[in-house]
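# Analysis of the macromolecular model
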2 protein chains.
Amino acid sequence: MKVIVEVMPKDGILDPQGKAVQQALHQLGYGEVRNVRVGKRIVLNVEGSDKTIALKRAEEMADTLLANENVEGFKVHLAGGKA
Amino acid sequence: MKVIVEVMPKDGILDPQGKAVQQALHQLGYGEVRNVRVGKRIVLNVEGSDKTIALKRAEEMADTLLANENVEGFKVHLAGGKA
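Remember, predicted model here, so these are calculated numbers, not experimental data. Position labels on residues start from 1 in each chain and follow its written sequence. Lettering of chains starts at A and numbering of ligands starts at 1, both following the order in which they are written. Where local features are concerned, this predicted model is filtered to residues with pLDDT of at least 70; where side-chain atom pairs are given and counted, the filter is 80 or more; whole-chain, interface and lining totals use all residues. Derived side-chain values reflect all non-hydrogen atoms in the structure, with water molecules and hydrogen atoms excluded from consideration.

### What to know about the relation of the copies chain B and chain A
The copies were overlaid by least squares, fitting only the C-alpha atoms of residues that reach a pLDDT of 70 or more in each copy. The transform that puts chain B on chain A rotates by 180 degrees and translates by 0.0 Å along the axis, for an RMSD of 0.0 Å. One copy is carried onto the other by what is essentially a two-fold rotation axis. Here, two residues are considered to be in contact whenever any of their heavy atoms come within 4.5 Å of each other. Taken as a fraction of all interface residues of chain B, those also at the interface in chain A reach 100%, which identifies the copy contact as same-surface.

Put into structure tokens, the structure is as follows:
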């Protein structure tokens, strides 16, 4: 089973990487880009068939290791499920 | 309008960051994790109301700047749309 963990910088937290990407896009002629945020997309391939348990465990993993709760938020969902 | 670009290492390409995360998860007791891939989730906030154009331009941006086509694949979709 594949579980997706999406980790993004929280609103209000400076995102220097996103700013750099935005500036590069402007220089390439994509002036319509008003803001860019860069986060992580982590695909966990896990054993087991219980979706509820897999999601609960993935939430724990995100809390413990994958996201830094001071500056990042995260969402967990099954691959193929809603974004 | 928000456009999401998901950039992931291609299948068969070594992902040292994913491997490191997997090992850390095992040490934390999450032995059910068989494989981990770590990619980027880039949220572009763009001006304009034409979704088709926004997606086409975001594909170009991913091709040109956001993804390294040698080792990464990408998907582009509107926020709130399908994952």
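### A closer look at the sheet that holds strand S3 (residues 72–78) of chain A
Reading across from one edge, S3(A)-S1(A)-S2(A)-S2(B)-S1(B)-S3(B) is the order of the six strands in this open sheet, with antiparallel pairing throughout. For this open sheet the edge positions go to S3 of chain A together with strand S3 (72–78) of chain B, each flanked by a neighbour on one side alone. For this sheet, the mean inter-axis angle between neighbouring strands, taken without regard to orientation, is 25 degrees. Whether two strands pair depends on DSSP finding at least two bridges between them. Helix and strand definitions follow DSSP, with helices as H or I runs of at least four residues and strands as E runs of at least two, each counted in order from the N terminus. Bridging between strand S1 (residues 2–9) of chain A and S3(A) involves seven bridges; their strand directions are antiparallel. When the bridges of S3(A) are listed, A:Ile4 appears paired with A:His77. Axis lines are fitted through C-alpha atoms, for helices just across the contact stretch, and the angle between N-to-C directions can take any value from 0 to 180 degrees. Across the sheet, helix H1 (residues 16–27) of chain B lies against strand S2 (33–46) of chain A together with strand S2 (33–46) of chain B, angled at about 125 degrees from S2(B), the strand it touches most.

### Points about the interface of chain B and chain A
Many analyses report the size of an interface as the accessible area lost when the parts associate. Chain B puts 33 residues into the contact, and the matching count from chain A is 34 residues. Between chain B and chain A the total buried area reaches about 3,000 Å² when both faces are included, carbon and sulfur atoms providing 62% of it. Summed over both partners, the accessible surface that disappears when two parts come together, traced with a 1.4 Å probe, is what is meant by buried area. If you sort the residues of chain B by the area they bury against chain A, B:Tyr30, B:Glu32 and B:Arg41 come out on top, with a joint share of 21%. Salt bridge, as used here: a side-chain nitrogen of Lys or Arg that lies within 4 Å of a carboxyl oxygen of Asp or Glu. At the junction of chain B and chain A, the tally comes to six salt bridges. The closest approach of N and O atoms between B:Arg34 and A:Glu47, which form a salt bridge, is 2.9 Å. In the analysis that follows, any N or O atom pair within 3.5 Å is treated as a polar contact, provided that within protein one partner can donate a hydrogen and the other can accept it, and provided that, for residues neighboring in sequence, both atoms belong to side chains. The interface formed by chain B and chain A includes 20 residue pairs in polar contact (both at pLDDT 80 or more). At the level of secondary structure, the elements contributing two or more residues to the side of chain B that touches chain A comprise strand S1 (2–9), H1, S2 and helix H2 (51–66) of chain B. Element by element, the count of residues in the side of chain B that touches chain A is highest for S2(B), at 14 residues. Throughout this entry, Asp, Glu, Lys and Arg are counted as charged residues, while Ala, Val, Leu, Ile, Met, Phe, Trp, Tyr, Cys and Pro are counted as nonpolar. The remaining residues, Gly among them, count as polar. Of the residues in the side of chain B that touches chain A, the class split is 17 nonpolar, seven polar and nine charged. Sheet analysis places S2(A) next to S2(B), joined by 13 bridges and oriented antiparallel. Among the inter-strand pairings, A:Val46 is bridged to a residue of S2(B), identified as B:Val33.

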